[in-house]
Amino acid sequence: MRYTLLILPALLCACETMAPPAALTEPGVVRLVASAPPGAAPGTCWGQKVSPAVIETVERDVLLQPAQVSSDGVIRQPAIYKKERRQEIVVPREETWFQVPCAGALTPEFISSLQRALAARGLYSGPVNGEMTPRTRAAVRAFQAPEGLDSGILSTAAARRLGLIAVARPE
C-alpha cells in the first residue's frame, strides 16, 4: 500500500507531459488519440469519432425456378421462390478526425473560461471550477452537436467559436 502511494503521483506527473493517450473517453465512439490523420501538421492533437456500421438482416425472395407459361399465356406451373435472409451493411463505418486543443493548453484557467463561455450561452449551469467534469463535457457536447460533432471532447473549431483560441488572420 505504501509503495502504491509513492508510485501514483509519479505516474500522474508522467501523464501530464505526454501526448493524449489513445484511451477511450466515451464508450467505443469518441476518443483522444496519440496519432494524427494523414497530412496533419506536426505537434497538433487530434480526436477521433468512430460511427459504427449499421447492419440489418434483409429478407429477399430468390427465384429458384421460373414460371412455366404456355404459348397462349396460361400459367402451367407458378414460379418457385425461396426466402433468403442475409445481413447487409446499410450504413458503412465512418471515422471522423477533429483537431483538439493539446493537453498542455487545457489548464484550469482555460477550462474555467470554457465553463463561463458555455454558461453565457445557457449550456452550462455548474460551478466554474476549472475541472473538465461530466457536466462540462455534456455542455461541450450540446454546443458542438448542432455543428455535427456529437462529442464531449472540445474541438479546436468549437474553442475558436467560443472565443477561447485565437483565429489566425490572413496576411
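Owing to the predicted nature of the structure, the values given are computational and were not obtained by experimental measurement.

Analysis parameters
Residues numbered from 1 in each chain as written. Predicted model: local features only at pLDDT ≥ 70, side-chain atom pairs only at ≥ 80, totals over all residues. Heavy atoms only, no water. Helix = DSSP H or I, 4+ residues; strand = E, 2+ residues; numbered from the N terminus. Contact = heavy atoms within 4.5 Å. Areas by Shrake-Rupley, 256 points an atom, 1.4 Å probe, with all protein chains shown as cover. pLDDT = per-residue confidence, 0-100. Buried < 20%, exposed > 50% of the residue type's maximum accessible area, 1.4 Å probe, protein only. Arc of directions from axis to C-beta. Core = buried A, V, L, I, M, F, W, Y, C linked by side-chain atoms within 4.5 Å. Patch = residues over 30% accessible without salt bridge, like charges linked within 9 Å, V, L, I, M, F, W, Y side chains within 5 Å. Salt bridge = Lys/Arg side-chain N within 4 Å of Asp/Glu carboxyl O. Disulfide = S-S within 2.5 Å. Expected span 1.5 Å × (residues − 1). Axes fitted to C-alpha atoms, helices over the stretch in contact; angles between N-to-C directions. Parallel < 35°, antiparallel > 145°, perpendicular 65-115°, else oblique. Left-handed = near helix turned anticlockwise from the far one by under 90°. Nonpolar A, V, L, I, M, F, W, Y, C, P; charged D, E, K, R; others polar.

Some points on the overall build of the chain
Step number 1: From N to C terminus, the chain includes four helices and eight strands.
Step number 2: Along its sequence from the N terminus, the chain presents helices and strands in the succession α-β-β-β-β-β-β-β-β-α-α-α.
Step number 3: Pairs at least 24 residues apart make up 49% of the contacts formed inside the chain by residues separated by at least 6 positions.
Step number 4: On the chain, roughly 11,900 Å² of surface is accessible, and the fraction owed to carbon and sulfur atoms is 58%.

Considering the confidence of the model for the chain
When pLDDT drops low, the exact placement of atoms in the prediction is not to be read closely.
Step number 1: Scored by pLDDT, the chain comes out at a mean of 82, with 80% of its residues at no less than 70.
Step number 2: A low-confidence stretch, residues 1–29 stays under pLDDT 50, and its non-local contacts, those more than four residues away or across chains, total 24 contacts.

Structural notes on helix H3 (residues 134–144)
Step number 1: What H3 keeps buried is the set Thr-136, Ala-139, Val-140, Phe-143 and Gln-144. Here the buried residues of H3 occupy an arc of 130° about the axis, which is enough to place them on one side.

As for the nonpolar core
Step number 1: With 12 residues, the main nonpolar core is built from Phe-110, Leu-114, Ala-117, Leu-118, Tyr-124, Ala-139, Val-140, Phe-143, Leu-154, Ala-158, Ala-159 and Leu-162.
Step number 2: For this core, the secondary structure elements donating two or more residues are helix H2 (108–120), H3 and helix H4 (156–161).
Step number 3: At four residues, the largest contribution of residues to this core is made by H2.
Step number 4: If we skip the residues at most four places from it in the chain, Ala-139 touches Leu-118, Leu-123 and Tyr-124.
Step number 5: Counting residues in each nonpolar core, the second largest holds five residues, with Cys-45, Phe-98, Leu-149 and Ile-153 among its members.

What about a nonpolar patch on the surface?
Step number 1: A surface patch of nonpolar side chains, amounting to about 210 Å² of accessible area, comprises Val-54, Val-90 and Val-91.
Step number 2: Within the secondary structure, Val-90 sits in strand E7 (residues 80–91).
Step number 3: With relative accessibility at 44%, the residue Val-90 sits in the partly exposed group.

A look at the state of the cysteines
Working definition of a disulfide: a covalent bond connecting the sulfur atoms of two cysteines.
Step number 1: The tally for this structure, following the rule as stated, stands at one disulfide.
Step number 2: Disulfide pairing places Cys-45 opposite Cys-102 at an S-S distance of 2.0 Å. Between Cys-45 and Cys-102 the disulfide shows an S-S torsion of about 105°. By sign, it is right-handed. Here Cys-45, found in strand E3 (residues 45–51), pairs with Cys-102, found in the loop between strand E8 (94–100) and H2; they are 57 residues apart in sequence, far enough to count as distant.
Step number 3: Classification of Cys-102 by relative accessible area gives partly exposed; the value is 26%.

Some remarks on H2
Step number 1: Here H2 spans 18 Å end to end across 13 residues, near enough to the 18 Å set by a 1.5 Å rise per residue.
Step number 2: When H2 is considered as a whole, its buried residues turn out to be Phe-110, Ile-111, Ser-112, Leu-114, Gln-115, Ala-117 and Leu-118.
Step number 3: A positive phi of about 75° marks Gly-122, the residue just after H2.

Section: the packing of H2 against H3
Step number 1: The interhelical angle for the contact between H2 and H3, taken along N-to-C directions, is 55°, at an axis separation of 10 Å. By the criterion of interaxial angle, the relationship of H2 to H3 is oblique. Crossing handedness for the pair H2 and H3: left-handed. Across the interface between the two elements, Leu-114, Gln-115 and Leu-118 from H2 touch Thr-136, Ala-139, Val-140 and Phe-143 from H3.
Step number 2: Considering only residue class, the contact of H2 with H3 consists of five nonpolar, two polar and no charged.

Quick look at the pattern of salt bridges
Note on pairing: side chains with opposite charge can pair once their charged atoms come close.
Step number 1: Under the criterion given, the structure shown has seven salt bridges.
Step number 2: In this structure, the salt-bridge partner of Glu-59 is Lys-83, at a minimum N-O distance of 4.0 Å. Within this pair, whereas Glu-59 is found in strand E4 (residues 54–65), its partner Lys-83 is found in strand E7, the two being separated by 24 residues in sequence.
Step number 3: Residue Glu-59 is classed as partly exposed on the basis of its relative accessible area of 43%.
Step number 4: With its nearest N and O atoms 2.9 Å apart, the salt bridge here joins Arg-141 to Asp-150.
Step number 5: Through salt bridges with shared partners, a single network forms among Glu-59, Asp-61, Lys-83 and Arg-85.

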